[in-house]
Amino acid sequence: MHLCIFEDPLYRNFFPLVSLRPVSALRCGADTLQAKAIAMLSPSSVSLSVRAQIALQTADEFPGIAVNELPEGPVACVNARVIVDEAFVAALRKRVKGPRILVQGETIAAVVLDRRSLEENPDLFIGGLLNVSAARRFPAEETTVRVVRYPWDLVRMNAEEIARDFRRRAARTKKRIAGKVYPGAMLVAKKNILIGAGSRIKPGAVLDAEDGPIIIGKDVTVMPNAVIQGPASIGDGCVVKIGAKVYHGTSAGPHCKLGGEIESSILQSHANKQHDGFLGHSYLGSWVNLGADTNTSDLKNTYGTVRVVVDGSDVDTGEMFVGLTMGDHSKTGINVMFDTGTIVGVGCNLYGAGLPPKFVPSFTWGQRGAFTGYDIEKCVETARRVMARRQVSMSRAYEELLRAVHAEASSQAATRGAN
């Protein structure tokens, strides 16, 4: 069966992390939501139903996966916010005649369509995008499924997902320790550790998987005296710096640099948190760089729940621990501090003393009390230079999307100024 992974209107809750990517490309555990769905469902073919603004860049990012194209045959449409697991797969594959939807409360988790329902309901896909409202005409089945609504849901579920991903990977891995472990390195609960080919665990490093598994990807370097406590996942090509303290519940995507103290946080690909300083219960986009001694607060002194600005509204997370959410290509100078639940948009450059506001719009430059907008030409030039250092070329689609996000941010800034 064909798999279509679709975004629904709640994609907006995940800004700025989804400014340059679909919700399905967000990471939780060792893999992205999209990769989990494909691995668990083993479809005959895959397509993505995403916002028009990100369609070209998404097609560039995932060659071989159709974007916003009408499926021709039987299709399982899965919400991008679903964390696919065995129970969900069983519910989706249940043999029921005719079209149906799987719901959790008001959320459509999946839409299962046969060829006839596609032919008889031409309004189900408009311009390749799943029409969620039209899908509600089909019989609904309440199901137990894990659906995320906000970035902090991904962070909260990260440790559990690392453990799930470990079990799936371990079951199909013949050689669990494929990389080089130097004399003097210590692997605690070795049976709970996977180390990919080409990786190097240097003398004095400690991988402690007694309380949860550790996944080390391919070509990872764990430098001397670094400590990684499971559950944790370190993606391909990452570098864990000397003396780093990587605590439970942390996932890093490919080609990240990790240092200082990191706890229960998720980093997309090519993010740098390599210096001393604390990052806790946070989510960093790609191409983020945190300067030396950047620190995030993830707990209020009152021990109360943390409030966060989401899509212009103040939201009570219901969580005691919520740190920083930072969009792609944002950077901090030395000694920058962030309050609990701070949101920083795409393409920001923050420095100076004092706490920045709890919501920093995209393409903001400067320090509190002296913020200006970040010129798009300079932003693109810097982003291209940063990406080239990692042998990544900025595509035309990526540049156009970055410019579109900047134009949207400038329009929003003008509206705020007018008010």
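Residues numbered from 1 in each chain as written. Predicted model: local features only at pLDDT ≥ 70, side-chain atom pairs only at ≥ 80, totals over all residues. Heavy atoms only, no water.

S.K.: How would you summarise helix H7 (residues 158-171) if you had to cite specific residues and measurements?
M.R.: Taking 1.5 Å of rise per residue, 14 residues should cover 20 Å, and H7 covers 20 Å from first to last C-alpha, within 8% of that figure. Within the sequence span of H7, burial applies to Asn 158, Glu 161, Ile 162, Ala 163, Arg 164, Asp 165, Phe 166, Arg 168 and Ala 170. (Helix = DSSP H or I, 4+ residues; strand = E, 2+ residues; numbered from the N terminus. Expected span 1.5 Å × (residues − 1). Buried < 20%, exposed > 50% of the residue type's maximum accessible area, 1.4 Å probe, protein only.)

S.K.: Summarise the sheet that holds strand S28 (residues 278-280); cite the residues concerned and give the values.
M.R.: The sheet built from 6 strands is open, its strands ordered S13-S16-S19-S22-S25-S28 with parallel pairing. At either margin of the open sheet sits one strand with a lone partner, and together these are strand S13 (186-188) and S28. Pairing analysis gives 2 bridges linking strand S22 (residues 245-246) to strand S25 (residues 261-263), with the strands arranged parallel. When the sheet's bridge partners are listed, Lys 245 is paired in S25 with Glu 261. (Pairing = 2+ DSSP bridges.)

S.K.: So what's going on with the environment of Val 239? Which residues, and what values?
M.R.: Tracing the backbone shows Val 239 in strand S21 (residues 239-240). Separated by 112 residues in the primary sequence, Val 239 and Gly 127 place their C-alpha atoms 42 Å from one another. Contacts of Val 239, omitting those with residues within four sequence positions, involve Thr 221, Met 223, Cys 256, Lys 257 and Leu 258. (Contact = heavy atoms within 4.5 Å.)

S.K.: Tell me about the sheet that holds strand S18 (residues 221-222), and please be specific about residues and values.
M.R.: With parallel pairing, the 6 strands of this open sheet are ordered in space as S12-S15-S18-S21-S24-S27. Edge positions in the open sheet fall to strand S12 (180-181) and strand S27 (272-273), since each of these has one partner strand only. Both S21 and strand S24 (residues 257-258) contribute to a ladder of 2 bridges, which runs parallel. Looking at the pairing, Val 239 lines up with Lys 257 of S24.

S.K.: For the pairing of strand S8 (residues 107-113), give the residues involved together with the corresponding values.
M.R.: In terms of burial, S8 is largely enclosed, as 7 of its 7 residues are buried. As defined by bridge partners, strand S6 (residues 75-79) adjoins S8 across 4 bridges and the pair is classed as antiparallel. When the sheet's bridge partners are listed, Ala 76 is paired in S8 with Val 112. In terms of strand pairing, strand S7 (residues 100-104) meets S8 through 5 bridges, oriented antiparallel. Along S8, the bridge assignment pairs Ile 101 with Val 111. Counting the residues that bridge the hairpin from S7 to S8 gives 2 residues, and of these Gly 105 lies at a positive phi of roughly 65°.

The values are spatial; any link to function lies outside them.
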